[in-house]
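# Coordinate inspection notes
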Amino acid sequence: MQIKTLEEYLDTYRRSVEDPIGFWSEIASHFLWKQPWQRVLDYDWDKPEFRWFDGAKLNITENCLDRHLATQADKPAIIWEPNDPNEPNRVLTYRELHQEVCRLANALKSMGVQKGDRVCIYLPMIPELAIAVLACARIGAIHSVVFAGFSSRSLATRIDDAQCKLLLTADGSFRGDKIIPLKEIADRALEMSETQCVEKVLVYRRTGSDISLQEGRDYWWHEMVGQADTHCPAEVMDAEDPLFILYTSGSTGKPKGILHTTAGYMVYTTYSFLNVFQYSGDDIYWCTADIGWITGHSYIVYGPLSAGATTVMFEGVPTYPDAGRFWAVVEKYRVNQFYTAPTAIRALMKFPLDFVQRYDLSSLKVIGTVGEPINEEAWIWYKKHVGNAKVPIVDTWWQTETGGILITTLPDVLLDRPTFAGKPLPGIQPILFDDDARVVEGFPASGKLGIRFPWPSMARTIWGDHQRYKETYFRYPQRYFTGDGALRDEHNYYRITGRIDDIIIVSGHNLGTAPIEDVINTHPNVVESAIVGFPHPVKGNALFAFIILKQTPEDTAALAEEINQLIAREIGPIAKCDKIAFVPGLPKTRSGKIMRRILRKIAAGQTDDFGDTSTLLNPEVVEQIQKTVQQL
Ligand code: WTA
């Protein structure tokens, strides 16, 4: 399945466009099926509906686990590096991981979980998180992993939306020098839950914190799982049976429960993993993401394990105990492929070079980034100091909704160039189009980024809201709309220029402005608010809130802090605003729409050239806002 030369890439790509059915059925033949498919692809852009490998039967965990037992049962599947470097690490071979997954799967069954039930997973980055994901897949339960940095409210909303029957969590979580009381947060979420759908909670002991278990609802993991049988037959799943729901921010309203299904997701994540990282033999692969995000789902768990790789899982943070931690871990395990976020690189760049140079990074063969554009300066630092000026960088563009990497370069096949993600992987047909939905051909070209042919790992719906799925991603004819802008140059390389909707990417996390504004507006002293993003040297973007108050207090700094605490409590610390300005008004059009374009310019420090403000209802407010911002 691996592409090794430019000619092969060009040939494979051409074939994938001319004969997608033949191309994908060839790729799919490398997997373990209980029954073959009848049709490779059925689709309808208008419904919209996409069915891949229809008629096939399989279980993804047999591909991730069972099929490797014959040939490499003793190969490490997961190497887990704890938050504290002095705590012993854990290594699970494919045999051990298989047993642990079966054990938990049996425990889940004994607790009443059945095929199609939703299970919420709210766990730190410990092996049990990967085990939990796979145990659900083993029995056909749909997992919904919620990042363990989210608040009680965010957890409750997600539990209610998916109607989860069971919650998997831990007593606490270690992050750097902090302990986060996960069980307490989960308890509050269960109190807030409007539908009270969660019947049982399974709690893993990680921090040894003092917690209370609610009789009849909460159970210790070690008590339920320790005794369970290590054999669990894999549930027979249809190709299009749901595999998981993962929530991502929308530009308006509540988070979107992105639904991925089984066969297409498996085929695409495995294929892209093998090609983008050129994994081979006994390579050690490390992706630093959290499994609470799509990157962790596709490129810590499913893709690597299905490919039979050794995948490193890291519990901690890049700067604990110091800014050399990533590189210490690379040296410790002789990591060959390293995959991280631009924001982490930018954060580490600020520290003395010694933190990198102290370590032997000569094992690295590929280094990658994901989640947001990587600026040229960070790219060059990464290449030079981590990649020893020669290791290929893969700047991978994709989304929760795409399931896997769509645009990238391939190591030693397609040249890496700063600020360009690269070219489409085989099977992916990107287009640029203008405001009238007309496709822009040739180069140089810029426009909205779309994909004009289905691919196996595309999201199938938004849980419980197919109409929103249609309106968000399929509002233009015959294409998937990404929400990103991009440009294409003479080498047919794509540069992603950023979101063109009201989603802001802060430290690689997607945040919708509307839900944060909604939280701010619940403060009794707030009349109205608007949030925009502004460039930030480490986070990529940071949030700037413009707020109209009922009454201006003496101590505005204290009020700003109070508002940030409110946001942290209701959404999570990642959604806090770096800057808050209390302003007399917001620039509005005559129809009452906030002119965010102007606020973005002010937030970026621009002092003139706000474009045509004559159409504003209240042009005078622009100058007043500027004054306030200058005084911040
Ligand atoms: C952005 C993360 C530029 C983009 C896998 C996309 C990127 C959003 C890149 C999806 C990249 C992701 N270069 N921008 N290499 N990768 N993005 O759903 O705006 O958390 O739409 O998925 O991140 O974020 P999500």
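Here, the structure is the one placed above.
Next up on the list: unusual backbone geometry. Residue Pro48 is reached from Lys47 by a cis peptide bond, and omega for that bond is -20°. Of note, Pro48 is situated in the loop between strand S1 (39-44) and strand S2 (49-54). The omega torsion of the bond from Tyr320 to Pro321 falls at -5°, within 30 degrees of zero and hence cis. On the secondary structure map, Pro321 appears in the loop between strand S17 (310-314) and helix H11 (325-333). Of note in this structure, Gln196 is not a glycine but carries a positive phi near 50°. Here Gln196 lies in the loop between helix H7 (182-192) and strand S11 (200-204). By relative accessible area, which is 51% here, Gln196 ends up exposed.

Let's shift gears to the site of the ligand. Close to the ligand lie 17 residues; Asp395, Thr396, Thr400, Asp484 and Arg499 are nearest. At 3.1 Å from a nitrogen atom of the ligand is found a main-chain nitrogen or oxygen belonging to Gly371. Taking Thr400, its side chain carries an N or O atom lying 2.5 Å from an oxygen atom of the ligand. Summarising the interface, the protein chains cover 95% of the accessible area of the ligand, which totals 530 Å² for the free molecule. Where the shell around the ligand is concerned, the elements lending two or more residues are helix H10 (294-306), strand S20 (393-396) and strand S28 (494-499). Taken together, the residues of the shell around the ligand sort by class into seven nonpolar, six polar and four charged.

Here we take up the pairing of strand S8 (residues 164-170). Within a regular strand, side chains alternate between the sheet's two faces. Counting buried residues along S8, six of its seven residues qualify, which places the element largely inside the surrounding structure. Bridge count for S8 against S11 is five bridges, and the pairing is parallel. Each bridged residue has a counterpart across the sheet, and for Leu168 the counterpart in S11 is Leu202.

Let us look at the sheet that holds strand S19 (residues 366-370). Taken in spatial order, the seven strands make up an open sheet running S5-S4-S17-S16-S18-S19-S20, and their pairing is mixed. Two strands bound the open sheet, and with one partner strand each, they are strand S5 (90-93) and S20. Along the sheet, successive strands turn relative to each other by an average axial angle of 20°, direction set aside. In the sheet, S19 pairs with S20 via four bridges, with the strands oriented parallel. Each bridged residue has a counterpart across the sheet, and for Gly368 the counterpart in S20 is Val394.

An order of S12-S11-S8-S6-S7-S14-S15-S26 is seen for the eight strands of this open sheet, with the pairing classed as mixed. At either end of the open sheet lies a strand with only one pairing partner, and these are strand S12 (218-220) and strand S26 (461-462). Contacting strand S7 (142-145), strand S14 (242-248) and strand S15 (256-261), H10 runs over the sheet at an angle of about 140° to S14.

Any aromatic ring pair is given by two values, namely how distant the centres are and how the planes are angled relative to each other. Applying the stated criterion to the full structure yields 49 aromatic pairs. The interplanar angle of 70° and the centroid separation of 4.8 Å between the aromatic rings of Phe23 and Trp24 together place this pair among those described as edge-to-face. Judged by centre distance (5.7 Å) and plane angle (90°), the ring pair of Trp286 and Phe314 falls under edge-to-face. One end of the pair, Trp286, is in strand S16 (residues 284-287); the other, Phe314, is in strand S17, with 28 residues separating them in the sequence. Each of the two residues, Trp286 as well as Phe314, counts as buried. Counting every residue linked through ring pairs, the aromatic cluster contains Tyr43, Trp45, Phe50, Phe453, Trp455, Tyr469, Tyr473, Phe474 and Tyr480. Its guanidinium or amino end placed over the ring of Phe150, Arg158 lies 4.4 Å from that ring's centre, counting from NZ or CZ.

Applying the stated criterion across every chain, the model contains 41 salt bridges. Between Arg325 and Glu81 there is a salt bridge, with the nearest N and O atoms lying 2.6 Å from each other. With a gap of 244 residues between them, Arg325 in helix H11 and Glu81 in strand S4 (residues 76-81) connect regions that are remote in the sequence. The pair formed by Arg325 and Glu81 is uniform in burial state, with each residue classed as buried. For Asp416, the salt bridge identified is with Lys383, shortest N-O distance 2.6 Å. With Asp416 in the loop between strand S21 (407-408) and strand S22 (423-424) and Lys383 in helix H14 (residues 376-386), the pair connects residues that are 33 residues apart, well separated along the chain. Given a relative accessible area of 15%, Asp416 falls into the buried group. According to the relative accessible area criterion, Lys383 is buried, its value standing at 14%. Three or more residues joined by partner-sharing salt bridges are found here, namely Lys47, Glu49, Arg51 and Asp54.

Reading guide: rules and limits
- Residues numbered from 1 in each chain as written.
- Predicted model: local features only at pLDDT ≥ 70, side-chain atom pairs only at ≥ 80, totals over all residues.
- Heavy atoms only, no water.
- Helix = DSSP H or I, 4+ residues; strand = E, 2+ residues; numbered from the N terminus.
- Buried < 20%, exposed > 50% of the residue type's maximum accessible area, 1.4 Å probe, protein only.
- Near = heavy atom within 4 Å.
- Polar contact = N/O pair within 3.5 Å; in protein donor to acceptor, adjacent residues only side chain to side chain.
- Areas by Shrake-Rupley, 256 points an atom, 1.4 Å probe, with all protein chains shown as cover.
- Nonpolar A, V, L, I, M, F, W, Y, C, P; charged D, E, K, R; others polar.
- Pairing = 2+ DSSP bridges.
- Axes fitted to C-alpha atoms, helices over the stretch in contact; angles between N-to-C directions.
- Contact = heavy atoms within 4.5 Å.
- Phe/Tyr/Trp six-rings, centres within 6.5 Å; stacked < 30°, edge-to-face > 60°.
- Lys NZ or Arg CZ within 6 Å of the ring centre and 35° of its normal.
- Salt bridge = Lys/Arg side-chain N within 4 Å of Asp/Glu carboxyl O.

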